[in-house]
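Coordinates in review
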Amino acid sequence: MDTHIHHLLSRAGFGPSWTELFEKKPYKKVLQEVLSHSKTFAPIEMEDLPEGSGRKFMGMSTEEKVQMLQKNRKSVNSLNLLWMREMAHSPAQLREKMAFFWHDHFACKSKIAKAALLQVNTLREHAIGNFGELLHAIAKDPSMLLFLNNQQNKKTSPNENFAREVCELFTVGRGNYTEQDVKEAARAFTGWSTLPNGSFFFRKRQHDFGKKTFLGRRGNFSGEDIIEILLEEKATARNITRKLYHFLVSHEEDPVQIESWAKGFYESGYDISTLLKTLFESDHFRTSQHVGARIKSPIEYMVGILRLLDIDPTEEKGLLFLQKALGQTLFFPPNVAGWPEGKAWIDGSSLLTRLRFPIGLGSGTSFSFQSKAAFAGNEEFLSKMEKRKGLRIQVDWDGLFTQLEKIPAENRNDWLKERILLIHSPAKHARIAPLTRENFPQAMVQLMATLEYQLC
């Protein structure tokens, strides 16, 4: 595997699997496989999910409500683990990686298990399809409507939260609409609500059917009309392309390249796969300055290790607390703007936890950690964290080394460093002893505990 292919697999997915490290294929062939393997969609399925709201819940006793909330929390945690497993081991790597991107773009806290399951499957289904269809679907998503208070958006007292974020974060971005546009859009979204079973419901009596003026157009606009008007704006294509550039290419923007790709994205009718194919085929994407230049987010870091070492993520509590320790928990973004990026992921506490994670894998022993929230004066949370057990994950090191024996002994060290660290001069960055079956786990730990391994 050459550097460009490793780069592709790290950006279009969560990094190479152990088996993929040994494959010898041209870049175009690998890209074709990346695209084709993600064409098929299979929903994540869960049974016996609890209701999270509605009259039935309101009619429960205090004890019954507590039990229902606990069951909901456990179900959301289980869904978290199920999705991590898909990210790590699904052949549809591009679909899962893009669903993760949209999970951040359409940032939303999901405390109701049924709604969380519906949302993650919506993101996964439309992840590499048409952005317009995705936008329409997520705008009617129960978790999103509840998170942004649109159940309170009524014709007699419009709530602007949902309409504002649709404009500011999901489509055209700041500077491309006015406060009056937000007020008019909020009127169009009045009556959009949900049912306790997790489905969208339009409350006609709460909808404002009057004429509205939005982005220079006037008419009896519905919520769907507002979305279509936003899709007509080239600023929407430009905003989405810019965010994808940060996610897949670099935090350092190239305005000319972004504008070029945004133009093609708009002219394709917002076909996400077309944009991704253009991006990954470009020389710009493969420029050396973009290789190993992004800091992995916590989920990318964790899932990448699970995928590389072929680990089945079964230890739910430990992995959930590791997400909290590193500051990124699926279904719980910090706010509607999503998670930070780049250097924001690396500070004294989180970097130490990152480096300790592979050490625990190498020794087979557990290790404990504290959440980043614990360092913000949250003594109550810190007290709870100290009572939790550490994380223990087993790795089949013998099985991995058996594959490594395909590489001549005298070449294994450099071969491994080049493929694990994705750097041009690996000998300068990591020294490991000659590889044997006995010291292989420690050698891998040394590589994964380097600063270079935090990059993709």
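This structure is a prediction, so every number in the text was calculated from the model and none was measured. (Residues numbered from 1 in each chain as written. Predicted model: local features only at pLDDT ≥ 70, side-chain atom pairs only at ≥ 80, totals over all residues. Heavy atoms only, no water.)

The next subject is the overall build of the protein. Within the protein, the secondary structure is distributed over 21 helices and four strands. In the protein, buried positions account for 54% of the 456 residues. Considering only intrachain contacts with a sequence separation of at least 6, the fraction spanning at least 24 residues in the protein is 71%. A total of about 20500 Å² of accessible surface is found on the protein, and carbon and sulfur atoms cover 50% of it. (Helix = DSSP H or I, 4+ residues; strand = E, 2+ residues; numbered from the N terminus. Buried < 20%, exposed > 50% of the residue type's maximum accessible area, 1.4 Å probe, protein only. Contact = heavy atoms within 4.5 Å. Areas by Shrake-Rupley, 256 points an atom, 1.4 Å probe, with all protein chains shown as cover.)

What follows concerns unusual backbone geometry. In the Ramachandran plot, tyrosine 270 falls in the positive-phi region, its phi being about 70° despite a non-glycine side chain. By secondary structure assignment, the location of tyrosine 270 is in the loop between helix 13 (255-267) and helix 14 (272-281). Judged by relative accessible area, tyrosine 270 falls into the buried class, the value being 5%.

To continue, consider the packing of aromatic side chains. Following the criterion strictly, the structure yields 24 aromatic pairs and no others. Taken together, the ring pairs connect Phe14, Phe100, Phe101, Trp102, Phe106, Phe131, Phe170, Phe247, Phe265, Tyr266 and Tyr270 into an aromatic cluster. Residue placement shows arginine 286 over the ring face of tyrosine 27; its charged tip is 4.3 Å from the ring centre. Residue placement shows lysine 296 over the ring face of tyrosine 453; its charged tip is 3.7 Å from the ring centre. (Phe/Tyr/Trp six-rings, centres within 6.5 Å; stacked < 30°, edge-to-face > 60°. Lys NZ or Arg CZ within 6 Å of the ring centre and 35° of its normal.)

With respect to the secondary-structure elements, glycine 13 resides in the loop between helix 1 (3-11) and helix 2 (27-37). Through-space distance from the C-alpha of glycine 13 to that of serine 90 is 9.9 Å; in sequence the pair is 77 residues apart. For glycine 13, the residues in contact, after removing those within four places along its chain, are Leu8, Gln93 and Lys97.

Our next topic: the side chain of asparagine 80. Checked against the element boundaries, asparagine 80 lands in helix 4 (residues 62-89). Within the local environment of asparagine 80, its side chain forms a polar contact with the side chain of glutamine 323, the two groups lying 2.8 Å apart. (Polar contact = N/O pair within 3.5 Å; in protein donor to acceptor, adjacent residues only side chain to side chain.)

All right, on to the environment of phenylalanine 200 then. Along the chain, the position of phenylalanine 200 falls in strand 2 (residues 200-202). Each C-alpha atom of the pair phenylalanine 200 and aspartate 141 lies 6.7 Å from the other, and the pair is 59 residues apart in sequence. For phenylalanine 200, the contacting residues outside a window of four places in its chain are Lys140, Leu145, Trp192 and Ser193.

What follows covers helix 16 (residues 316-326). In terms of burial, helix 16 is a largely internal element, eight of the eleven residues being buried. Those residues of helix 16 not exposed but buried are Gly318, Leu319, Leu320, Phe321, Leu322, Gln323, Ala325 and Leu326. Among the residues trailing helix 16, glycine 327 stands out with phi positive, at a value near 95°.

Let us look at the pattern of salt bridges. As enumerated under the stated definition, the model contains 27 salt bridges in all. One salt bridge connects glutamate 300 with lysine 97, and the closest N-O pair in it is separated by 3.4 Å. Of the two residues, glutamate 300 sits in helix 15 (residues 298-308) while lysine 97 sits in helix 5 (residues 93-105), which places them 203 residues apart along the sequence. Accessibility expressed as a relative area gives 5% for glutamate 300, which makes it buried. (Salt bridge = Lys/Arg side-chain N within 4 Å of Asp/Glu carboxyl O.)

What follows deals with helix 4. When the terminal C-alpha atoms of helix 4 are compared, their 41 Å separation across 28 residues agrees well with the 40 Å that a helix rising 1.5 Å per residue should span. Considered for burial, the residues of helix 4 that qualify are Met68, Asn72, Ser75, Val76, Leu79, Asn80, Leu81, Trp83, Met84, Met87 and Ala88. (Expected span 1.5 Å × (residues − 1).)

The geometry of helix 19 (residues 397-404) relative to helix 21 (residues 440-448) is characterised by a closest axis approach of 10 Å and an angle of 85° between their N-to-C directions. Looking at the two axes, helix 19 sits roughly perpendicular to helix 21. Note on element contacts: helix 21 touches helix 19 through Phe440, Pro441 and Met444, opposite Trp397, Leu400, Phe401 and Leu404. (Axes fitted to C-alpha atoms, helices over the stretch in contact; angles between N-to-C directions. Parallel < 35°, antiparallel > 145°, perpendicular 65-115°, else oblique.)

On to a positive patch on the surface. A contiguous patch of positive charge on the surface is contributed by Arg73, Lys74, Lys317 and Lys324. Breaking the positive patch down by element, the ones donating at least two residues are helix 4 and helix 16. With respect to the element layout, arginine 73 can be found in helix 4. (Patch = residues over 30% accessible without salt bridge, like charges linked within 9 Å, V, L, I, M, F, W, Y side chains within 5 Å. Lys, Arg positive; Asp, Glu negative; His and termini not counted. Charge placed at Lys NZ, Arg CZ, Asp CG, Glu CD.)

The next subject is the confidence of the model for the protein. Here the protein averages 89 in pLDDT, while 89% of its residues score no lower than 70. Taken together, the stretch residues 366-379 has pLDDT below 50 and engages in 39 contacts with residues farther than four places along the chain or on a different chain. Note on residues 381-389: pLDDT under 50 across the span, and twelve contacts to partners over four residues away in sequence or across chains. (pLDDT = per-residue confidence, 0-100.)

Running from N to C, helix 5 and helix 14 point in directions that differ by 110°, and their axes come no closer than 13 Å. Comparing the axis directions of helix 5 and helix 14 gives the class roughly perpendicular. Here Leu94, Met98 and Trp102 of helix 5 lie close against helix 14, whose contacting residues are Ile272, Leu276 and Phe280. Classifying every residue of the contact of helix 5 with helix 14 gives six nonpolar, no polar and no charged. (Nonpolar A, V, L, I, M, F, W, Y, C, P; charged D, E, K, R; others polar.)

Tracing the sequence through the fold places arginine 95 in helix 5. Considered as a pair, arginine 95 and alanine 127 are 32 residues apart in the sequence and their alpha carbons are 5.8 Å apart. In this view, arginine 95 contacts Ser38, Lys39, Thr40, Phe41, Arg124, Glu125, Ala127 and Ile128; residues no more than four positions away in its chain are not counted.

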